[in-house]
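Fold and geometry: a report
One-letter residues, chain by chain:
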Amino acid sequence: MVACRLMDTLYRSLQTRMTIRFLLICLLLFFGVGLGLIFFYGYYCPQQSSNVPRETSSKCHKSASQIVLKEGQDHTSQARIMEPKRPDVLTITPWLAPIVWEGTFDMAIIKESFKFYNGIIATTVFAVAKYTRYLQDFLETAEKHYMVGLNVHFYVFTDQPAAVPNVTLAAGRQISIIKVPKFSRWQEISMRRMEFIQVAIEERIRHEADYLFCVDVDMKFHSHVGAEILGKLVGVLNPWLHKSARDNFSYERRLISKAYIPYGQGDYYYAGGFFGGHVEDVYKLVTTCRKNLEADKLVEVEAKWQEESHVNHYMLLNKPTKVLSPEYLWDEELGSGGSEIKIIRYATIRKNMKEVRENI
């Protein structure tokens, strides 16, 4: 009897253990399947909110896509590799630097990229002798079109500080006047420009700005010129020669000059009235050009187009990282331009050169 009771107790104990194990296995399966369903639903329908009726996975995908489109604030057109915006012009150099034309950049994207940029863009102009008359138009149109919304520091080099007009500037924009002497020849002013800019960089600009652009003052802004031009070293295509073969470029062809470029060489013909880039890169340019201008003077030679000839020589050896189309330095003598000129951004003012340049 004792043996029978012992056997019965063991049997009941085994049944209880098996029942507990069975229940544990069922619970694990239940929770495992439940977690799997939650993961599956969350992975395939991440945008589905708790108060939206349950849908099939295909509907969930559609709903997620619609939410992304509704929330997105970027309404710019998609860049398509096989659909160039400007097939009528060259938009990249042989060394892979972009050539900036109207239609090759999206202004909204660039503005968004520089929305929180707090750096300063230095801009130099020379207003010597009768050229002070152009400062008013230059500064007023710059306020409307040049680097709008960004911090700009204009450095006005002049022999007549009192002639600098009082133009109201937006917040973050300022003018500094740097006194320079008046010269008897306009060519001398042109050649000494590199020296004055070099000294200004050493004494002030490299401590006050990130970028530096050197532009002519006898011009007006007509349309947007903004952050799309910023780069390490920037040159602008001369509007008179941007369609010419390089042997027709107005390079300095005399071997005696430091600006010499032989026939058969050269990339583009850059304008001397608009160049720039990072401050230290512009410093290298103006320092080299000044040294070469002074070397030419020692052998009594003056390059064909003064500092512009030396800028072209420098940029042949030191390729610009960005090239601006003639839209950025147009000449009104050329009229509205050809079909490739969709917009004129910065252009010369018509003038009597004999009257403005006293020694012609």
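This write-up is about the structure you can find in this document. (Residues numbered from 1 in each chain as written. Predicted model: local features only at pLDDT ≥ 70, side-chain atom pairs only at ≥ 80, totals over all residues. Heavy atoms only, no water.)

Side note on the pairing of strand E2 (residues 120-127)
- Across the 8 residues that make up E2, a large majority, 7, are buried.
- One ladder, built from 8 bridges, connects E2 with strand E3 (residues 151-158); its direction is parallel. Opposite threonine 123, over in E3, you have phenylalanine 154 as the bridge partner.
- Here 4 bridges tie E2 to strand E5 (residues 211-215), and the two strands are oriented parallel to one another. Counterpart to threonine 124 in the pairing with E5 is cysteine 214. (Buried < 20%, exposed > 50% of the residue type's maximum accessible area, 1.4 Å probe, protein only. Helix = DSSP H or I, 4+ residues; strand = E, 2+ residues; numbered from the N terminus. Pairing = 2+ DSSP bridges.)

So, the sheet that holds strand E9 (residues 322-324)
- Here 8 strands make up an open sheet; going across it, the order is E1-E9-E7-E8-E5-E2-E3-E4 and the pairing mixed. Pairing within the sheet leaves two strands with one partner each, and these edge strands are strand E1 (99-100) and strand E4 (173-179).
- As judged from the 3 bridges shared by strand E7 (residues 233-236) and E9, these two strands associate in the parallel manner. Counterpart to valine 236 in the pairing with E9 is leucine 324.
- The strands touched by helix H4 (residues 135-145) within the sheet are E2, E3, E4 and E5, with E3 carrying the most contacts at an inclination of about 175°. (Contact = heavy atoms within 4.5 Å. Axes fitted to C-alpha atoms, helices over the stretch in contact; angles between N-to-C directions.)

Considering the environment of threonine 91
- Its place among the elements puts threonine 91 in the loop between helix H2 (57-71) and E1.
- A residue is classified by how much of its surface remains accessible, and threonine 91, at 31% relative accessible area, is partly exposed.
- When the C-alpha positions of threonine 91 and threonine 104 are compared, they lie 7.6 Å apart, and in sequence the two are 13 residues distant.
- Once residues within four sequence positions are removed from consideration, threonine 91 is found in contact with Arg86, Ala97, Pro98, Ile99, Trp101 and Thr104.

Examining the packing of aromatic side chains
- Counted by the stated rule, this structure contains 18 aromatic pairs.
- Consider the rings of tyrosine 131 and tyrosine 134, whose centres lie 5.6 Å apart with planes at 65°: the pair is edge-to-face. Neither tyrosine 131 nor tyrosine 134 differs from the other in exposure class; each is buried.
- Between tyrosine 268 and tyrosine 270, the aromatic rings sit 6.2 Å apart at their centres with planes inclined by 75°, giving edge-to-face as the arrangement. Per residue, the accessibility class of tyrosine 268 equals that of tyrosine 270, and both read buried.
- An aromatic cluster of three or more residues is present, and its members are Phe138, Tyr146, Phe154, Phe213, Phe221, Phe274 and Tyr346. (Phe/Tyr/Trp six-rings, centres within 6.5 Å; stacked < 30°, edge-to-face > 60°.)

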